[in-house]
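Spelled out, the chains give:
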Amino acid sequence: MSLSETDKQLVEAEEALFQKTLQSLFEQLPKAQLAKIAAHNEARELTRQMVNEWNDEARQALVSDEAVAHRVSEIRNDSDQILLELLKEPYFGRIVTEEEDGSGASFLIGSRGNPDAGIVDWRSGPLSALYFNYQQGEEFFEEINGRERIGKIKLRRSYKADQGQLIQIETTEGVFQKKEGEWTRLDEDMQAAAMRSRAGRSKEKRLPSILSLITSEQYEMITTDPHRPVVIQGSAGSGKTTVALHRLAWLLHENNSFASAENTRIIVMNKSLQVYVGATLPSMGIHDVSATTFNSWAFAFAREAGVDQNRFKFQELPADVEEIKSSERSLALLRSYVQRQSDALDATVRDAVASSAYLLAIWEASSSKACLPRLRDFLFDVGKEKLPPDEKESIVATLNSKLQRLEDYPQDIYDLFMDTAFLQQFLGSDRAPTLELLGRRTEKNQQSRLLDFFDLTLILKLIQIKNGGLPAKNGGYVKLDHLVVDEAQDFGPVEFDVLFGAVKSKRDVTIVGDVSQKIVFSRKFPGWDRLLASLGIPKNELVRLEVSYRCTAPIINLARKIEGKQTDIEGRRGSPPHWIQAETYEDLLFRMAEWADKLRKKDPNYLIALICRRTRQAMEFKEELEQYIPGVRLGRREMFSFEPGIMVTNVHQVKGLEFDAVALIDPSEDNYPSHQEESRNLLYVAITRAQDELALAVHDKEFSRILTN
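This is a predicted model, so every value here is computed, not measured. (Residues numbered from 1 in each chain as written. Predicted model: local features only at pLDDT ≥ 70, side-chain atom pairs only at ≥ 80, totals over all residues. Heavy atoms only, no water.)

### Describing the UniProt feature "binding site: ATP" (unreviewed entry) in the chain
Quick reminder of the rule: UniProt positions are given in the numbering used here, feature names are shortened, and annotations may be inferred rather than shown by experiment. Numbering of helices and strands runs from the N terminus; a helix is a DSSP stretch of H or I covering at least four residues, while a strand is a stretch of E covering at least two. Relative accessibility thresholds used throughout: buried, under 20% of the residue-type maximum; exposed, over 50%; partly exposed, between the two (1.4 Å probe, protein chains only). Under the rule applied, a polar contact is a pair of N or O atoms within 3.5 Å (in protein, one hydrogen donor and one hydrogen acceptor; residues adjacent in sequence only if both atoms are side-chain atoms).
Look at the UniProt record and you will see "binding site: ATP" (unreviewed entry) annotated at Gly 234, Ser 235, Ala 236, Gly 237, Ser 238, Gly 239, Lys 240 and Thr 241. Among the secondary structure elements, Gly 234 is positioned in strand S9 (residues 230–234). Turning to its location among the elements, Ser 238 is positioned in the loop between S9 and helix H6 (240–252). Judged by relative accessible area, which is 2%, Ser 238 ranks as buried. Looking at Ser 238, its side chain comes within polar contact range of the main-chain oxygen of Ser 235, at 2.7 Å.

Right, dumping it as structure tokens:
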């Protein structure tokens, strides 16, 4: 729709404001860069002086000065980086107020703040609340800088920018969009989709900012009560991970909470999502926060406890055995097992020091401690006590033997799962055949010095129970200030119990997931109701995000049918899914290459994912496709690269990721049997990775009945 004269004036005024803001940021950049260089040089000079200073008193003074100088250097460097980020997208909102006393204010809302350019950081309290909590024309009542402010929102607008270019303006008068250098007013059908969409496509493939799309309810959830646990159930592409990270960005900003970046963790289930999230954090103003997979996090503690990572092997387990090792009942099993060890330790210690009333009293006084720190502390006390040499040597040898056994976590797994009588107390005698099978498998693992991969979480829980917490490298226990858990539906009760035990308070958590995207069926998700109850959250406080900002309407509606939802929803316009039935494997390769090449010619910045069912299929398909598409790459674990191009991967690798275009390779009944719930979820996950284009291609087979039905 062409612009009226009034529309042109509005757009020209907005473009002038945008350019004025960019100019202000550009003018600040040289000064910030010079300040960064000066601060860096000063820090280096103080370091040199400290190294060369031999006088201890003078050296101590230099140590203090050097620490301050290095911190100043870090701040200067941050200032430089913030300006560079703002130059790409200086702001996403604007507010003009008119107060009762006749005064008013006009300011911009950005992902970062810059007072000289009139930009308010969205994380900075009541000013940004005017944007998120009110619409144009509404009256407001807020306390700002200690003063009660009453007035009216005279103007509220939202913007989208990409690489320093203003590309969309959202106003009460209409939505204006810039394409190929020309501004147009969108018609009513396109306005809703444009307002729900995210910024334009670029070479940078990372979680996009959806700050301008956050509702007042979501803003309140993100920014109120830093100790409020936040649990989000969101459909694919709804921005649930991004909302969770915005929550974290708010918590870590200035004085919003006591959380520190160094003592905060983001835990995900797969390596590729870790890489994707890690690459996104700096653009959200989140620095020094570690994003890791649960298994990598668990292995770090296992290694510190002396458990060799190479002992863990992926092995296909019968479903009943998986259930025993991953269910909530295993928690009671582990606690009872450790209590049995603690009782045996108590009896051994009492017998060993029976002749020393003093040592016995010390041991009894420490009964509230977990067994391992209790034993280690007692060994220290025995070492200080004056005893006959032979008696002390005997006591120490006995205690060291118990310590060595208590720290042998693999042996705990072997002893526990080969003790059928003990297991039956918790699991019932009707499970006898399964327990006998478990015992035989465990005995075989012990002979080979191997462990099932399911044993990793159990060992981590044993470490936590026996030590009274997960041991920190610098002493004490891991007590995180805040914890973000993404793709929560693929975590089980034992994983959650370990994670909740690693935070200072269970209230200091943000958890996001979607049960329709559960693809790790070996871990039994406890369900949202159980999870909310364990955190003390009422059911009605579960945050639900239903609108997909990622996929076009044709793609999301296909995904909804896979979920079993028959009604279509409105959304961003796009091409219908492209269904391909090739006659041969060679024909499939050719047609996929043709499809991908056509998209790359349309937009060289496209990131295209060809998603196979299994890892081996992806590796083979990539090798064969190279003869048609030189430079095609494999996406697997940390090998993921999010640069524009064509990637072959498998469905378990792409959870939480998004691509401009997706093709499902061989979504046949063989690969996705229609009688399995897992197949339905895998197809849903794969399809909803696509932002704009989707193809489904089989050769010499029929599509899975999940798709054709």
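### What to know about the packing of helix H10 (residues 329–352) against helix H11 (residues 357–365)
Definition in use: Axis definition: a line fitted to C-alpha atoms, over the contacting stretch in the case of helices. Angles run 0 to 180 degrees between N-to-C directions. Here roughly perpendicular refers to angles of 65 to 115 degrees, roughly parallel to angles under 35, roughly antiparallel to angles over 145, and oblique to all remaining angles. When the near helix sits turned anticlockwise from the far one by under a right angle, the crossing is termed left-handed; a clockwise turn instead gives a right-handed crossing. Residues count as neighbours in contact if any of their non-hydrogen atoms are within 4.5 Å of one another. Here the nonpolar group is Ala, Val, Leu, Ile, Met, Phe, Trp, Tyr, Cys and Pro; Asp, Glu, Lys and Arg are the charged ones; every other residue, Gly included, is treated as polar.
Following both chains from N to C, one finds H10 and H11 inclined at 165°, their axes separated by 10 Å at the closest point. Our classification of the angle between H10 and H11 gives roughly antiparallel. For the pair H10 and H11, the crossing hand works out as right-handed. The segment H10 lies against H11, with Leu 345, Asp 346, Val 349 and Arg 350 engaging Leu 360, Trp 363 and Glu 364. Grouping the amino acids of the contact of H10 with H11 by side-chain chemistry returns 4 nonpolar, no polar and 3 charged.

### Considerations on unusual backbone geometry
Here Glu 180, not a glycine, exhibits a phi torsion of approximately 55°, which is positive. One can find Glu 180 in the loop between strand S7 (175–179) and strand S8 (182–185). In this model, Asp 700 sits at a positive phi of 55°, which is unusual for a non-glycine residue. Positionally, Asp 700 belongs in the loop between strand S22 (690–699) and helix H24 (705–708). The exposure class of Asp 700 is exposed, given its relative accessible area of 66%.

### Some thoughts on the pattern of salt bridges
Formally: Take a side-chain nitrogen of Lys or Arg and a carboxyl oxygen of Asp or Glu: if they are within 4 Å of each other, that pair is a salt bridge.
According to the stated counting rule, one finds 41 salt bridges in the structure shown. Salt-bridge contacts for Arg 123 lead to Asp 121; the nearest nitrogen and oxygen are separated by 2.8 Å. Here the two residues Arg 123 and Asp 121 agree in accessibility, since each one is buried. Arg 350 is paired through a salt bridge with Glu 364; the nearest N and O atoms lie 2.8 Å apart. With Arg 350 in helix H10 and Glu 364 in helix H11, the pair connects residues that are 14 residues apart, well separated along the chain.

### Looking at the UniProt feature "domain: UvrD-like helicase ATP-binding" (unreviewed entry) in the chain
When the UniProt feature table is mapped onto this chain, "domain: UvrD-like helicase ATP-binding" (unreviewed entry) is found at residues 213–552. With 53% helix and 9% strand, residues 213–552 has end C-alpha atoms that lie 17 Å from one another.

### Some points on helix H15 (residues 420–427)
The test is simple: Directions pointing from the helix axis toward each C-beta atom define the arc.
Residues of H15 that are buried: Phe 422, Leu 423 and Leu 427. For H15, the arc enclosing every buried residue in end-on projection is 120°, short of the 170-degree limit, so these residues lie on one face. The exposed residues of H15 that point more than 90 degrees off its buried face are Ala 421 and Gln 425. On the buried face of H15, the contacting elements are helix H9 (319–326), H10, helix H14 (409–418) and helix H16 (432–448). One or two steps after H15, the chain reaches Gly 428, where phi turns positive at roughly 95°.

### Focus on the pairing of S22
Stated formally: Two strands form a pair only when DSSP identifies at least two bridges running between them.
The element S22 is largely enclosed, with a buried count of 10 among its 10 residues. Sheet analysis places strand S17 (residues 578–582) next to S22, joined by 5 bridges and oriented parallel. In the sheet register, Ala 582 faces S22, and the bridge partner there is His 699. In the sheet, strand S21 (residues 659–665) pairs with S22 via 6 bridges, with the strands oriented parallel.

### Quick word on the pairing of S21
Put simply, side chains in a regular strand alternate between the two faces of the sheet. This is how it is decided: We call a crossover right-handed when, viewed with both strands directed away from the observer, the connection leading from the first strand over the helix to the second proceeds clockwise.
Of all the 7 residues making up S21, 7 are buried; the element is thus mostly covered by neighbouring parts of the structure. As paired strands, strand S18 (residues 607–612) and S21 are joined by 4 bridges and run parallel to one another. Note that in S21 the partner of Leu 610 across the bridge is Ala 663. Traced from S21 through helix H23 (residues 677–687) to S22, the parallel crossover comes out right-handed.

### Re the packing of aromatic side chains
Keep this limit in mind: The rule is short: rings of Phe, Tyr and Trp, with Trp giving its six-membered ring, pair when the centres are within 6.5 Å, and they are stacked under 30 degrees, edge-to-face over 60, tilted in between. Geometrically, a lysine NZ or arginine CZ counts as sitting over a ring once it is within 6 Å of the ring centre and also within 35 degrees of the ring normal.
In total, this model carries 25 aromatic pairs according to the counting rule given. Ring centres of Tyr 585 and Phe 621 lie 6.1 Å apart, and the angle between their planes is 80°; on these two criteria the pair is classed as edge-to-face. Residue Tyr 585 is found in helix H21 (residues 585–602), and its partner Phe 621 is found in helix H22 (residues 615–625); the two are separated by 36 residues along the sequence. Judged by its relative accessible area of 2%, Phe 621 falls in the buried class. With 6.5 Å between their ring centres and 70° between their planes, Phe 590 and Tyr 628 make a pair best called edge-to-face. A residue pair is termed long-range when its members are at least 10 positions apart, and Phe 590 in helix H21 and Tyr 628 in the loop between H22 and strand S19 (633–634) qualify at 38 residues. Since its relative accessible area comes to 32%, Tyr 628 is described here as partly exposed. Here the aromatic residues Phe 294, Trp 297, Phe 301, Phe 491, Phe 496, Phe 500, Phe 525 and Trp 528 are joined through ring pairs into a cluster of three or more. Residue placement shows Lys 325 over the ring face of Phe 417; its charged tip is 4.9 Å from the ring centre.

### Structural notes on the nonpolar core
Put simply, the rule reads: Among buried residues, those of type Ala, Val, Leu, Ile, Met, Phe, Trp, Tyr and Cys that are joined through side-chain atoms within 4.5 Å constitute a nonpolar core. All the domain ranges listed were derived from an automatic or database domain assignment.
If you look at the biggest cluster of nonpolar residues, it comprises 79 residues, and the most contacted ones within it are Phe 294, Trp 297, Phe 417, Leu 470, Phe 496 and Ile 511. Taken domain by domain, the makeup of this core includes at least three residues from each of domain 2 (217–309 + 464–545) and domain 3 (319–451). Other than its neighbours up to four places away in sequence, Phe 417 contacts Ile 324, Lys 325, Leu 333, Leu 423, Leu 438, Gly 439, Thr 442, Asp 455 and Leu 458.

### Concerning the sheet that holds strand S14 (residues 482–485)
The strand order S11-S10-S14-S15-S9-S16 describes an open sheet built from 6 strands, whose pairing is parallel. Edge positions in the open sheet fall to strand S11 (290–293) and strand S16 (543–545), since each of these has one partner strand only. Pairwise comparison of adjacent strand axes, ignoring direction, gives a mean angle of 15° for this sheet. The pairing of S14 with strand S15 (residues 509–513) spans 3 bridges and is classified as parallel. Paired with Val 484 across the two strands is Thr 510, which belongs to S15. On the sheet, helix H7 (residues 271–280) packs against strand S10 (264–268) and S11 and is oriented at approximately 170° with respect to S11.

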